[in-house]
Each structure stands twice: as C-alpha cells, then as structure tokens.
Amino acid sequence: NSLEEYVLELRRQLDDELAPFVKEADSDKIKSTLMAAEDWLWDEGDDCDKQIYVDKLNEMKKLGNPIITRRIEFETRPKVLDKMGAKLQSLSKILDLYEQKSPEYEHLSPDDMKKVKKTVDEKMKWFNDACNKLSKVEKHQNAPITVADINDEFRNLDSTCSPIVNKPKPKVEPPPTDAQKSKSATPDGTNDSKTEHADQPKSPNSNTADAQMDIDANANEGQTEVD
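Since we're looking at a predicted model, the values are computed, not measured. Per chain, the residues get numbers from 1 upward, laid out in the order the sequence is written. In view of the model being predicted, local features appear only for residues whose pLDDT reaches at least 70, and side-chain atom pairs are presented and counted only at 80 or more, with totals across whole chains, interfaces and linings using the full set of residues. With hydrogens and water excluded, all non-hydrogen atoms of the structure serve as input to the side-chain values.

Trainee: How would you sum up unusual backbone geometry? Please name residues and give values.
Mentor: For Lys101, which is not glycine, the phi dihedral falls at a positive 65°. Structurally, the position occupied by Lys101 is in the loop between α3 (50-99) and α4 (110-134). To qualify as a helix, a DSSP run of H or I must reach at least 4 residues; to qualify as a strand, a run of E must reach at least 2; elements of each kind are numbered from the N terminus.

Trainee: Describe the layout of surface pockets, listing the residues and the values that go with them.
Mentor: In this structure, the largest pocket occupies an estimated 220 Å³ of space. Definitions used for this entry: grid spacing 1 Å over protein atoms alone; cavity, a set of points where a 1.4 Å probe fits but cannot get out; pocket, an open set with protein on both sides within 12 Å along at least 5 of 7 lines; lining residue, one with an atom within 4 Å of a point. Lining the largest pocket we find Asn1, Ser2, Leu3, Glu4, Leu41, Trp42, Lys50, Tyr53, Val54 and Leu57. Those elements that place two or more of their residues in the lining of the largest pocket are α1 (2-14), α2 (24-42) and α3. Here the element with the most residues in the lining of the largest pocket is α3; it accounts for 4 residues. Grouping the amino acids of the lining of the largest pocket by side-chain chemistry returns 6 nonpolar, 2 polar and 2 charged. Grid points are joined across faces, edges and corners, and a volume is the space filled by probe spheres set on the points. Under the convention adopted here, Pro, Cys and the residues Ala, Val, Leu, Ile, Met, Phe, Trp and Tyr are nonpolar, Asp, Glu, Lys and Arg are charged, and Gly plus all remaining residues are polar.

Trainee: Describe in detail the confidence of the model for the chain, supporting the description with residues and values.
Mentor: A score between 0 and 100, pLDDT records how confident the predictor is in each residue. Taken residue by residue, the chain gives an average pLDDT of 85. The fraction at 70 or more is 78%. With pLDDT under 50 throughout, residues 192-201 is counted as low confidence; its partners more than four residues away or in other chains account for 1 contact. Between residues 217-227, whose pLDDT stays under 50, and residues either more than four places distant or in other chains, the model counts 0 contacts. Should any heavy atoms of two residues lie within 4.5 Å, those residues are counted as being in contact.

Trainee: Kindly report on the nonpolar core, identifying the contributing residues and their values.
Mentor: Counting residues in hydrophobic clusters, the biggest one holds 25 residues, and the most contacted among them are Met113, Val116, Val120 and Ile150. Contributions of two or more residues to this core are made by α3, α4 and α5 (147-165). Broken down by element, this core gets its largest block of residues, 8 residues, from α3. Ignoring sequence-local partners within four residues, the contact set of Val120 consists of Leu88, Leu91, Ser92, Leu95, Leu157 and Cys161. As used here, the term nonpolar core means buried Ala, Val, Leu, Ile, Met, Phe, Trp, Tyr and Cys residues forming a set that is joined through side-chain atoms within 4.5 Å. Exposure is judged per residue with a 1.4 Å probe applied to protein chains only, and the accessible area is read against the type maximum: over 50% gives exposed, under 20% gives buried, and values in between give partly exposed.

Trainee: Before we move on, can you summarise the packing of α4 against α5 with the specific residues and values?
Mentor: Contact pair α4 / α5: the axes reach a minimum separation of 10 Å and the direction vectors enclose 160°. Regarding the angle of α4 to α5, the classification is roughly antiparallel. By crossing handedness, the relation of α4 to α5 is classed as left-handed. On α5, the residues touching Asp112, Met113, Lys115, Val116, Thr119, Val120, Lys123, Trp126 and Leu134 of α4 are Asp149, Ile150, Glu153, Asn156, Leu157, Thr160, Cys161, Ile164 and Val165. For the contact of α4 with α5, the per-class residue count stands at 10 nonpolar, 3 polar and 5 charged. Under this scheme, a helix contributes an axis fitted over its contacting stretch, all axes are lines through C-alpha atoms, and angles between N-to-C directions fall in the 0 to 180 degree range. Angle categories are assigned with fixed cut-offs, so that under 35 degrees is roughly parallel, over 145 is roughly antiparallel, 65 to 115 is roughly perpendicular, and the rest are oblique. Crossing handedness is read from the near helix: turned anticlockwise from the far helix by less than a right angle, it gives a left-handed crossing, and turned clockwise, a right-handed one.

Trainee: Explain α2 to me, using residue names and the numbers behind them.
Mentor: In this model, α2 (19 residues) spans 27 Å end to end at C-alpha, consistent with the 27 Å of a helix rising 1.5 Å per residue. Considering only its buried residues, α2 is in contact with α1 and α3. Helices are assigned an expected span. That span is 1.5 Å times one less than the residue count.

Trainee: Break down the pattern of salt bridges for me, citing the residues and quoting the values.
Mentor: In the sections that follow, a salt bridge refers to a side-chain nitrogen of Lys or Arg positioned within 4 Å of a carboxyl oxygen of Asp or Glu. Applying the stated criterion to the full structure yields 14 salt bridges. One salt bridge in this structure joins Arg12 and Asp16, with 3.6 Å as the shortest N-O distance. A salt bridge links Arg155 to Asp152, with the nearest nitrogen and oxygen atoms 2.5 Å apart. On the criterion of helical spacing, the pair formed by Arg155 and Asp152 is a turn pair, its members being 3 residues apart in helix α5. Taking the relative accessible area as the measure of exposure, Arg155 reaches 49% and is therefore partly exposed. Through salt bridges with shared partners, a single network forms among Glu9, Arg12, Asp16, Glu17, Arg71 and Glu75.

Trainee: Requested: an account of the packing of aromatic side chains, with residues and values cited.
Mentor: Ring geometry is summarised as follows: Phe, Tyr and Trp rings, the Trp one being its six-membered ring, pair when their centres sit within 6.5 Å, and such pairs are stacked at plane angles under 30 degrees, edge-to-face over 60 and tilted between the two. In this structure the tally under the stated criterion is 2 aromatic pairs. On the numbers, 5.9 Å between centres and 65° between planes, the contact of Trp40 with Tyr53 is edge-to-face. In this pair, Trp40 is assigned in helix α2 and Tyr53 in helix α3, connecting sequence segments 13 residues apart. By relative accessible area, Trp40 is classed as buried at 13%. In our convention, an over-ring charge means Lys NZ or Arg CZ found within 6 Å of a ring centre and within 35 degrees of that ring's normal. Here the guanidinium or amino end of Lys83 rests over the ring plane of Phe154, the centre of that ring lying 4.5 Å away.

Now the structure itself:
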C-alpha cells in the first residue's frame, strides 16, 4: 500500500506542484519508471515478501525525494534569509550606537564589542555571498546552500552576539534619603530618646515647684516641734 500510494502521488505532483522543480526530460523518465512500478504491483508484485516492497519504495524515493526537497527548500529559503538579514541589520545598528557612545550600550566592554563586530562582519560577508549564489539557482537545480546551512550560520551569529549586546546594565544604588541618613546616625540605627531627655535643661517652673516643696517640708517640721 505504501509503495502504491507513493507511486500514484508522485506521478500526480510531477504534473502539478513539482513540475517547476524538475526538467521536463527528467520528469518524463521518472513518470515512465513510476508507470513500470505500478504495472509490476498489479502483476508479479501482487504477492511478495515485505522486503521486496520496501526496496522498491526506496528506489522510487530516490527519484522523487530530491525533487520534493528542492520545492521545500525554495519555499522555505526566503523566510530564513529574511530572519538572518534582519538579525545582521539589528546588530549593525547596535554597533553604530555603541560607536556613538549611546548610554544604552556604554556599559558593554570594548573587547566584547570587538568580538561582536568581527562576527557580524564575517556573517555579513557569508550572507551576501550566499544570496548572490542562490539568486542564480534555477528551481530545477539543487541549491549549493541549504536552509539547514543558513540556520546554522544564524545560530552561530545569535549565540555569539546576543548574550553580549543584551547584557543588562549594572544596577546603581540611589543616594540615601535624609530619613535613611538620620536612621543610621546611631550604631543600632535608632534614636536614644532617654539620652536626649536627660540632656535637656529643666524649665524654670520645675525649679520653682521644687523650692516650694522644700519650704512646705520645713514648715511642717517646725509645726511638729511646737506641738
């Protein structure tokens, strides 16, 4: 069943979505091979060991899968190229801002930014060369640079540069407020209210009251003696 499904589906696609990705002469040859495989299935291939069907299916896939891959590559390639191009553009802008002493990136070290620049320059050259080569590839040709190659280059670019340019600024502690300064004036961070009250002078009224108490006490003592 798997063999028959592959044969019928590949033959259909060669007349439809896969047509631009294979030369007409090659397509005709593949169709003839597929037709022969279908005839074999209905004749001597009607009842065989499983391995024979597996081997036949692998033979058909060797003919069809490269064409299917070319189509997938062609349709997927623009997206991954755009992603890498956008990343290179973003990093180039950050490098320009760093050169302009932008406060946003002034905390990054010169050595780290040299590493970023070196990587960006290398990947930019690779990217431009890749785009140039891919622009000359016809749909029916195998691309010299695959989507997997582009993704590998992107991951290398991202893993090298992103941890550097995304490094957060070191936290700066704000200056202490007046309340914090007064709180830290004593060793234990608290005000000694007893000491403050002890050092304060007594009011004149309190001195007068003390004197009156002494007079009253003496008068009482004199009264006791007379009695």
